[in-house]
Amino acid sequence: MKKTTRNLLYIFAGIGLLALILFGLNNFAEKQLKTGIEEASSQINLEYEKLDVNLLRRKAVLESPSFSLDEKNFKAEKLSLTNIEILKYIKNKDLEIGQVLLEAPNLKINQSRTSETNKDSTSGFKKNLLIRKLLVKNGKLAVVENDSADNSFFTHFSELEINQFQIDSNTVRNILPFNYEDYTFKGDSLFYKLDSRHNLNAGSVNITRGNSVIKDFRITSIYSKQKFQQQIPYQLDRFDLVIAEISLSNLDFEFINDSLSIENPLTEIKEARLSIYRDKLQPDDTRKKKMYSQMLRESPLRLKLDTIRLSNSYIKYEELIDGDRAPGEIDFSQLNASIYNLTNIENENYEGTEVDVQTRFMQEANLSVNWKFDIQNKTERFNISGNMDRISEESMNRFLKPAMNVLAKGSIQDMAFNYSGNGTEAIGDMRLVYQDFKVEVLRDDGTRKNKILSALANLIMNNDAMSEDVNQEQLKVTRDKTRSFWNYLWKMIREGALKSFF
């Protein structure tokens, strides 16, 4: 046999032997992965149609995987793993994978069926899993209260990418059972059942390495104004909120001792529209109401929002006082506001929370308000001041006539107030300038003047053609603790107005 021929035979034999070894290793690796999957199957009821493992390409594909565990039901079209570190898996059963692609997953969680055994379901997890890039395409997630209820939470997303996704025996014990470096999320719908009367929706949610944009954000009432009153035992606000866009510059969140902590340097809220309706014919809610500083301080959600900017927004408040008349209405248009240092996380540099507001009151009067409070002060100390320019009788009567059966005549030229207080009482000053101001008390039908009551009211009013700058100093207002902070503020303004008019 010639030397060349012999060398060729050696080469072909070597190639054949190598192919046989690789074939054997491939089969061995496939068996090892299948064994691991079968072991997992006994714990989570994993099922699949087909498993392909290719050692040369370091790739595995799982067709139609599905499982159920602790009332969590999952299914997907395909799970693809590439750049698998086979030797690490064979040696210590730990998995390190370059990329995992999960296509069309659907996860449903029934939160009403959780049990104490769920807490221990991961106690036997001993393996380590590192996925350098986890890609999820066209996914759905639903969290339901029970099998027959509507979704408590639902989202559909086109893409989720998580880099350096890692699970080990320590992470699985956390609320978020994995660690990660950064992530990208692109969702095209989101629904959350906020409470028994309101739903929350978002048209789209896009997050890229902490920079988040939420569009078409809505909190809407399930019931009409009339039906809403049949669902409540006492006075509650029915509200609808629509926000065109919310952006967060560098969102960071983590779970600390089972509490969610959220931090963000700049939050922008664009074109918010809030409508609030209250039926005063309902019984009063006599429970004690907390000041905002106390609510934030005691909230289980830990917040650190350095700056919040609200732009080009609108608020309308309606109040029904008499069932025979339309509700009174006030509104704030062209509303722009900045909120600084909104936090309940201990911070030695915290100097208080401040709110600056500029708006048009009743679409006519320029109104500016500055409000400061200290979340860390348990007496609920605050200061609030404001200034409003001219408002006409037409604008005032949009609220006064339907709500109080009273018509105002004349105008308020200027108003300024400055109050400091706590959760019990406030003391402050007020200046009010008005012109030809009179009132007409209407009869019950709301169309005719009650001459006697109107005359009595105007008899005791100061009716100078143009009042001097009437300053009321050291006004004292006691808070009704069964009412909200906004009722408290209204009492401050009313106290100064009454002493100026009468």
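Residues numbered from 1 in each chain as written. Predicted model: local features only at pLDDT ≥ 70, side-chain atom pairs only at ≥ 80, totals over all residues. Heavy atoms only, no water.

**Student:** With reference to specific residues and values, describe the overall build of the chain.
**Tutor:** Each helix and strand counted, the chain has seven helices and 23 strands in total. Counting across all 502 residues of the chain, residues that qualify as buried make up 40%. Of the contacts made within the chain by residues no fewer than 6 positions apart, 60% connect residues no fewer than 24 positions apart. (Helix = DSSP H or I, 4+ residues; strand = E, 2+ residues; numbered from the N terminus. Buried < 20%, exposed > 50% of the residue type's maximum accessible area, 1.4 Å probe, protein only. Contact = heavy atoms within 4.5 Å.)

**Student:** Now, about the pairing of strand S5 (residues 78-84): what can you tell me, with residues and values included?
**Tutor:** Across five bridges, the pairing between strand S2 (residues 59-63) and S5 is antiparallel. Counted as the bridge partner of Ala60 is Leu81 from S5. Inspection of the sheet shows S5 paired to strand S6 (residues 95-103) by six bridges, in the antiparallel sense. The partner of Ile84 across the bridge, within S6, is Ile97. (Pairing = 2+ DSSP bridges.)

**Student:** Go over the pairing of strand S15 (residues 259-279) with me, naming the residues and quoting the values.
**Tutor:** By the bridge criterion, ten bridges tie strand S13 (residues 238-248) to S15 in an arrangement that is antiparallel. Residue Asp240 lies in a different strand from S15, and its bridge partner there is Ser275. Judged from the five bridges that link them, strand S14 (residues 252-256) and S15 form a sheet pairing that is antiparallel. Counted as the bridge partner of Ile256 is Ser259 from S15. The pairing of S15 with strand S16 (residues 302-320) spans 16 bridges and is classified as parallel. Across the sheet, the residue bridging to Leu266 is Thr307, located in S16. Handedness of the crossover joining S15 and S16 through helix H4 (residues 292-298) is recorded here as right-handed. (Right-handed = clockwise from strand over helix to strand, strands pointing away.)

**Student:** Lay out the nonpolar core with the relevant residues and their values.
**Tutor:** A general trend in soluble globular proteins is that nonpolar side chains are found buried together. In terms of nonpolar packing, the biggest core is built from 84 residues, with Phe382, Ile384 and Met492 touching the most fellow members. Looking at this core element by element, the count peaks at six residues for helix H7 (residues 485-501). Look past the residues within four positions of Ile384 in its chain and what remains in contact with it is Val369, Asn370, Trp371, Phe417, Asn418, Tyr419, Phe485, Leu489 and Met492. (Core = buried A, V, L, I, M, F, W, Y, C linked by side-chain atoms within 4.5 Å.)

**Student:** Provide a residue-level description of the confidence of the model for the chain, including the pertinent values.
**Tutor:** With 76% of its residues at a pLDDT of at least 70, the chain reaches an overall mean of 81. Below pLDDT 50 for its whole length, residues 115-119 participates in one contact with residues either more than four positions away or in separate chains. Note that residues 450-460 has pLDDT below 50 and, in this model, 15 contacts with residues that lie over four places away or in other chains. (pLDDT = per-residue confidence, 0-100.)

**Student:** Kindly report on the packing of aromatic side chains, identifying the contributing residues and their values.
**Tutor:** Applying the stated rule across the entire model yields 16 aromatic pairs. Between Tyr180 and Tyr183 the ring centres are 5.6 Å apart and the planes differ by 80°, which places this aromatic pair in the edge-to-face class. Residue Tyr180 is classed as partly exposed on the basis of its relative accessible area, which comes to 28%. Through a chain of ring-to-ring contacts, the aromatic side chains of Tyr292, Trp371, Phe373, Phe382, Phe485, Trp486 and Tyr488 assemble into a single cluster. (Phe/Tyr/Trp six-rings, centres within 6.5 Å; stacked < 30°, edge-to-face > 60°.)

**Student:** I'd like a description of the environment of Thr220, backed by residues and values.
**Tutor:** Structurally, Thr220 is set in strand S12 (residues 211-221). Exposure remark for Thr220: the relative accessible area of 25% places this residue in the partly exposed category. Not counting residues within four places of it along the chain, the set of residues in contact with Thr220 comprises Arg197, His198, Asn199, Asn201, Phe239 and Asp240.

**Student:** How would you explain empty space enclosed by the protein if you had to name every residue and give the values?
**Tutor:** Counted under the stated rule, the structure contains one cavity of 30 Å³ or more. For the largest cavity, the calculated volume is near 40 Å³. What lines the largest cavity is Met291, Tyr292, Ser293, Trp371, Phe373, Glu380, Arg381, Phe382 and Phe485. The set of elements that each furnish at least two residues to the lining of the largest cavity consists of H4 and strand S19 (365-373). The class makeup of the residues in the lining of the largest cavity is six nonpolar, one polar and two charged. (1 Å grid on protein atoms, 1.4 Å probe; cavity = no way out; pocket = protein on both sides within 12 Å on 5 of 7 lines; lining within 4 Å. Points joined across faces, edges and corners; volume = space filled by probe spheres on them. Nonpolar A, V, L, I, M, F, W, Y, C, P; charged D, E, K, R; others polar.)

**Student:** With reference to specific residues and values, describe the pattern of salt bridges.
**Tutor:** When the charged atoms of two side chains lie near each other, side chains of opposite charge can form a pair. Tallied over the full model, the rule gives 18 salt bridges. In this structure, Lys137 and Glu159 form a salt bridge, with 3.2 Å as the shortest nitrogen-oxygen distance. Taken as a pair, Lys137 in strand S8 (residues 129-144) and Glu159 in strand S9 (residues 151-167) lie far apart in primary sequence, 22 residues in all. A salt bridge links Lys289 to Asp285; the nearest nitrogen and oxygen atoms lie 3.6 Å apart. Among the residues examined, Asp285 registers a relative accessible area of 11% and is labelled buried. Each member of the salt-bridge network shares a partner with another, and the members are Asp284, Asp480 and Arg483. (Salt bridge = Lys/Arg side-chain N within 4 Å of Asp/Glu carboxyl O.)

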